[in-house]
Amino acid sequence: MRKLTNLGLLLLSLTVHISLIGFIFFALLTITNWYLQKIPLLGVDLHNTITYVSYLKRHFMLPVNGFKDIWFTGVPLYKDTLLLHYYFILPLTQFFSVLDAVRYYVVGSIFAFGIFTYLLLFRLSKNHLVAAGITLLTLFSSGYYGSLVWGGSLPYFSTQPFLPLVILLLVMYLQTGNRGWFAAAALATGVAFTGHPLLTGTFIIPLAILLLIFGSPKIPIKLLSRFVLTVVFLLLSIIVSFRVTGSLIKTASNIFTAAISLTGKTTQNLTQKIGGEESVSAPVDAVSQYFRGMVNKIPEYTNPYLFFLLGAGFAMFILFWIFRRDKRKIMEIFPYIIFGIFVFGQIVVNAYGNSLLYQGWYRQFWQVPITLALICAVCFGNALGSIAGKKKFDYN
């Protein structure tokens, strides 16, 4: 009888999942239809992706043996880092024009981000409606679309769905102890590195490390074992994406050395002595002021209801923790809080003239909504779980 009850609850849960994902899909049509019908086309670098896909369609080659004879005198194809999404788009060109294939692929990335975000938030909150609601608020944050409609950095935008995907797989591993989820997360991270290494190294890797070291697993893991798992995770990711990460590792020391040598010199170079008097040009001051003003763009580019939910959810989390004093609950939210501090701190540091994994302002705000969403989901999940008491059905 109990098995039949659990089966019935499982089927009900799947039905609700499908219904809510369908609702998210139809809600997103307002954005995707606007993007597809927009004239002129959106995104400064949109034609960069179109050019690459068109070239590979006419002259198909692999990075190991290809030579790209465009852009000046040409270079071996393996020197190009951002090739993965161009190859993924190629099959679509058999059915659509290159322009439509590129845009449909991007639209698919939006839906993928929405689905992975919903599933991740559900795993954290254990509540269908909470997960769906927060997902919609995340998707309807204008900062998420910066790299698409502003800069047109399509490989970057199409790699964004890997953040919720990788974290979903790691959360599944922590909640179930199944190492298959761990391996899948490492594989997905490697693919993400190949898609866009800057995004992956800046946001996916730090949050993954925080979860592996500080996360709250179903089966207790010793601290030393956590560090070993983290190293294994990073090694597997590097091996999967070695075409990209190999060259990054090779040049990392040079970049680090150059960054140290340039620290503190940028401002000095902007100041020159003209006619025996020291002066700073007005344009330089205007640029600095513009950059500092980017901090104020965070609430503008993020759905305001996310901040309200964050405040309400965090208050509920603290209230229930005071009564229960469960240290495990603190560790469940700790990695996301630290990641949130890093996300906001990274924007502030770059705004005040110090380059820290700078993404370009057109793609500097997309991670804010989903970071707030993760914290909200954990807070509401713990609060609602405390209200409901012991769960009668285990989704694992």
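It should be noted that the structure appears before, not after, this text.
Here the structure is a predicted model, which is why all the values come from computation and not from measurement. As a convention, each chain's residues are numbered from 1 in the sequence order in which they are written. A pLDDT threshold of at least 70 governs which residues receive local features in this predicted model, and a stricter bar of 80 or more applies before side-chain atom pairs are shown or counted, although totals over entire chains, interfaces and linings include all residues. The side-chain figures draw on all heavy atoms in the structure; neither hydrogens nor water molecules are used.

A.B. asks: An account of empty space enclosed by the protein is needed here, citing residue identities and associated values.
C.D. replies: Using protein atoms alone on a 1 Å grid, points that fit a 1.4 Å probe yet trap it form a cavity, whereas open point sets bounded by protein on both sides within 12 Å along at least five of seven lines form a pocket; residues with an atom within 4 Å of a point count as lining. Grid points are joined across faces, edges and corners, and a volume is the space filled by probe spheres set on the points. Per the stated rule, a full pass over the model turns up two cavities of 30 Å³ or more. Of the pockets and cavities examined, the second largest cavity occupies roughly 30 Å³. Lining the second largest cavity we find Thr49, His85, Ile89, Val102, Tyr105, Val106, Leu154, Pro155 and Ser158. Those elements that place two or more of their residues in the lining of the second largest cavity are helix H3 (84-89), helix H4 (98-125) and helix H7 (154-159). As a working rule, the residues Ala, Val, Leu, Ile, Met, Phe, Trp, Tyr, Cys and Pro are called nonpolar, Asp, Glu, Lys and Arg charged, and the rest polar, with Gly in that last group. In terms of residue class, the lining of the second largest cavity is built from six nonpolar, three polar and no charged. Secondary structure is summarised from DSSP: a helix means a run of H or I of at least four residues, a strand means a run of E of at least two, and numbering begins at the N terminus for each.

A.B. asks: Provide a residue-level description of the environment of Tyr104, including the pertinent values.
C.D. replies: Structurally, Tyr104 can be placed in helix H4. Partly exposed residues are those whose accessible area sits between 20% and 50% of the maximum for their type, while under 20% is buried and over 50% is exposed, using a 1.4 Å probe and protein chains only. In this structure Tyr104 comes out as partly exposed when scored by relative accessible area, which is 35%. Between the C-alpha atom of Tyr104 and that of Leu36, which follows or precedes it by 68 residues, the distance is 8.1 Å. Excluding residues that lie within four positions of it along the chain, Tyr104 makes contacts with Leu36 and Phe96. Should any heavy atoms of two residues lie within 4.5 Å, those residues are counted as being in contact.

A.B. asks: Any chance you could break down unusual backbone geometry for me, citing the residues and the numbers?
C.D. replies: With phi around 60°, Lys126 is a residue other than glycine that occupies positive phi space. Counting through the fold element by element, Lys126 comes out in the loop between H4 and helix H5 (128-139).

A.B. asks: Could you give an account of the nonpolar core, naming the residues involved and the relevant values?
C.D. replies: The set of buried Ala, Val, Leu, Ile, Met, Phe, Trp, Tyr and Cys residues whose side-chain atoms join them within 4.5 Å is what this entry labels a nonpolar core. Counting residues in hydrophobic clusters, the biggest one holds 102 residues, and the most contacted among them are Tyr145, Phe233 and Tyr336. Of all the elements, H4 adds the most residues to this core, at 14 residues.

On their own, these measurements won't tell you what the molecule is for.
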